[in-house]
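Structural overview for review
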Amino acid sequence: NEGITYTDIYYVFAGSNIEYVYLPDTMKAIHTLLFDACSALKEIRLPQNLETIETCAFRNCTSLTNVTLPETVTVIESDAFAGCTLLKEINIPSKLKAIPDRMLCDTAIDAINIHDGVESIGSGAFSRCKNLTEIEIPQSVTSLGSGAFADCENLSKITLSDHIKRLDGSVFENCSKIKSITLPSELEFIGTYAFSNCTGLTSITIPDKVKTIDERAFSGCSEITNVIIGDGVETIGEYAFSSAPIT
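Bear in mind the structure is a predicted one, so any value in this text is a computation, not a measurement.

1. Comments concerning the overall build of the protein
Secondary structure summary: the protein contains 0 helices and 18 strands in total. The C-alpha radius of gyration of the protein comes to 20 Å, within 12% of the 18 Å expected for a compact globule of 247 residues. Each of the three principal axes of the protein carries a C-alpha extent, and together these read 70 × 30 × 25 Å. Excluding contacts between residues fewer than 6 apart, the proportion of contacts in the protein whose partners are at least 24 apart in sequence is 20%. The average position of the 18 basic charges and that of the 33 acidic charges among the side chains of the protein differ by 2 Å.

2. Looking at the environment of Cys 129
Considering the arrangement of structural elements, one finds Cys 129 in the loop between strand E9 (120-121) and strand E10 (134-136). A C-alpha to C-alpha distance of 18 Å links Cys 129 and Gly 200, two positions 71 residues apart in sequence.

3. Structural notes on the packing of aromatic side chains
Within the structure shown, the criterion is met by 8 aromatic pairs. Residues Phe 58 and Phe 81 carry aromatic rings whose centres are separated by 5.2 Å and whose planes lie at 0° to one another, so their mutual orientation is stacked. Placement of Phe 58 in the loop between strand E4 (52-53) and strand E5 (66-67) and of Phe 81 in the loop between strand E6 (75-76) and strand E7 (89-90) is noted, with a sequence separation of 23 residues between them. As far as the burial class goes, Phe 58 and Phe 81 line up, both buried. When the centroid spacing of 5.1 Å and the interplanar angle of 0° are considered together, the rings of Phe 218 and Phe 241 count as stacked. Placement of Phe 218 in the loop between strand E16 (212-213) and strand E17 (226-229) and of Phe 241 in the segment after strand E18 (235-236) is noted, with a sequence separation of 23 residues between them.

4. Some details on the pairing of strand E15 (residues 203-206)
In regular strands, side chains alternate between the two faces of the sheet. Residues Ile 204 and Ile 206 of E15 are buried on one face, while the alternating residues Ser 203 and Thr 205, pointing to the opposite face, are not. In terms of strand pairing, E15 meets E17 through 4 bridges, oriented parallel. Bridge pairing links Ile 206 to Ile 229 in E17.

5. Notes on the state of the cysteines
Here the structure, examined in full by the defined rule, presents 0 disulfides. With no disulfide of its own, Cys 175 lies 5.2 Å from the sulfur of Cys 152, the closest cysteine sulfur. By relative accessible area, which is 0% here, Cys 175 ends up buried. Looking at Cys 198, it has no disulfide partner, and the nearest cysteine sulfur is the one in Cys 221, 5.2 Å off.

6. A short note on the confidence of the model for the protein
One rule of thumb: low pLDDT means the predicted coordinates there are not for detailed reading. Per-residue pLDDT for the protein averages 93, and the proportion of residues at 70 or more is 95%. The low-confidence segment residues 1-7, where pLDDT is below 50, has 13 contacts with residues more than four positions distant or belonging to other chains.

7. A few points about the side chain of Ser 78
In this structure, Ser 78 sits in the loop between E6 and E7. Among all residues touching Ser 78, those that are not within four sequence positions of it are Thr 55, Cys 56, Pro 100, Asp 101 and Arg 102.

8. Some details on the nonpolar core
Core analysis: the biggest nonpolar cluster contains 76 residues, and Phe 81 and Phe 172 have the highest contact counts within it. When neighbours within four sequence positions are excluded, Phe 81 is seen to be in contact with Ile 53, Phe 58, Val 67, Leu 69, Leu 87, Ile 90, Met 103, Leu 104, Cys 105 and Thr 107.

9. Describing the sheet that holds E4
Strand order in the open sheet formed by 3 strands is E2-E4-E6, and the pairing between neighbours is parallel. The open sheet has two edge strands with one neighbour each: strand E2 (29-30) and E6. Sheet topology places E4 next to E6; 2 bridges connect them, and they run parallel. Looking at the pairing, Thr 52 lines up with Val 75 of E6.

10. Brief notes about the pattern of salt bridges
Counting across every chain of the model gives 8 salt bridges. Measuring nitrogen to oxygen at the nearest pair gives 2.9 Å for the salt bridge that ties Arg 102 to Asp 79. One end of the pair, Arg 102, is in the loop between strand E8 (98-99) and E9; the other, Asp 79, is in the loop between E6 and E7, with 23 residues separating them in the sequence. Residue class for Arg 102 comes out partly exposed when judged on its relative accessible area of 32%.

11. Digging into the side chain of Ser 140
Checked against the element boundaries, Ser 140 lands in the loop between E10 and strand E11 (143-144). One polar contact links the side chain of Ser 140 to the main-chain carbonyl oxygen of Val 118, over a distance of 2.7 Å. Not counting residues up to four positions away in its chain, the partners in contact with Ser 140 are His 115, Asp 116, Gly 117, Val 118 and Glu 119.

Basis of the calculations
Residues numbered from 1 in each chain as written. Predicted model: local features only at pLDDT ≥ 70, side-chain atom pairs only at ≥ 80, totals over all residues. Heavy atoms only, no water. Helix = DSSP H or I, 4+ residues; strand = E, 2+ residues; numbered from the N terminus. Rg over C-alpha atoms; globule rule 2.2 N^0.38 Å. Contact = heavy atoms within 4.5 Å. Lys, Arg positive; Asp, Glu negative; His and termini not counted. Charge placed at Lys NZ, Arg CZ, Asp CG, Glu CD. Phe/Tyr/Trp six-rings, centres within 6.5 Å; stacked < 30°, edge-to-face > 60°. Buried < 20%, exposed > 50% of the residue type's maximum accessible area, 1.4 Å probe, protein only. Pairing = 2+ DSSP bridges. Disulfide = S-S within 2.5 Å. pLDDT = per-residue confidence, 0-100. Core = buried A, V, L, I, M, F, W, Y, C linked by side-chain atoms within 4.5 Å. Salt bridge = Lys/Arg side-chain N within 4 Å of Asp/Glu carboxyl O. Polar contact = N/O pair within 3.5 Å; in protein donor to acceptor, adjacent residues only side chain to side chain.

Following this line, the structure appears as structure tokens:
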């Protein structure tokens, strides 16, 4: 109904067998858990004036295959589409500055365009996206959360923003198809398990501005034979390169 503003709808459809949803343009927000675990939901038409998608709004909608987000969206909260295991296509609105924690974890996306203007990518944002093969992080991004791309087992090509200063724990853990990666020139910190079990890596160059390589950062990288460590490194944690046959 176009005459209703729908400001305080929570949980209403959660767990239901609804299959098709067409929301009125008067809605500005989709609230927490509104369509959570709607496993039969196949199609959603979002309001053209939508601004906010709250936590777990579409979590575990396991029949949803594609979503078109209006360009008016400025805020998406954590787990918004987490566990949508058939979701293959979704866009990142041009006004969105932050990709939240676990936004698309456990989905079927095989490609995603992150536009220049996004500033941060949250923890686990794309974790366990097993169909994702490549990712380009634009230069506007300065923060990449822990486990952001962990367990993306087919991820093979990564381009990182030079302005990222920290690669936090497990950010690319278990990404076994990565064969090479150029670390950001401004990087200062490599976290615990950041590249653990990246078994395709054969060499790594640590930039000069890196001060800390945390424990087990490259543990289990069983094919790394060449490591170049920059002049600025002050601390290398325990087992940072364990199992790496460095020559």
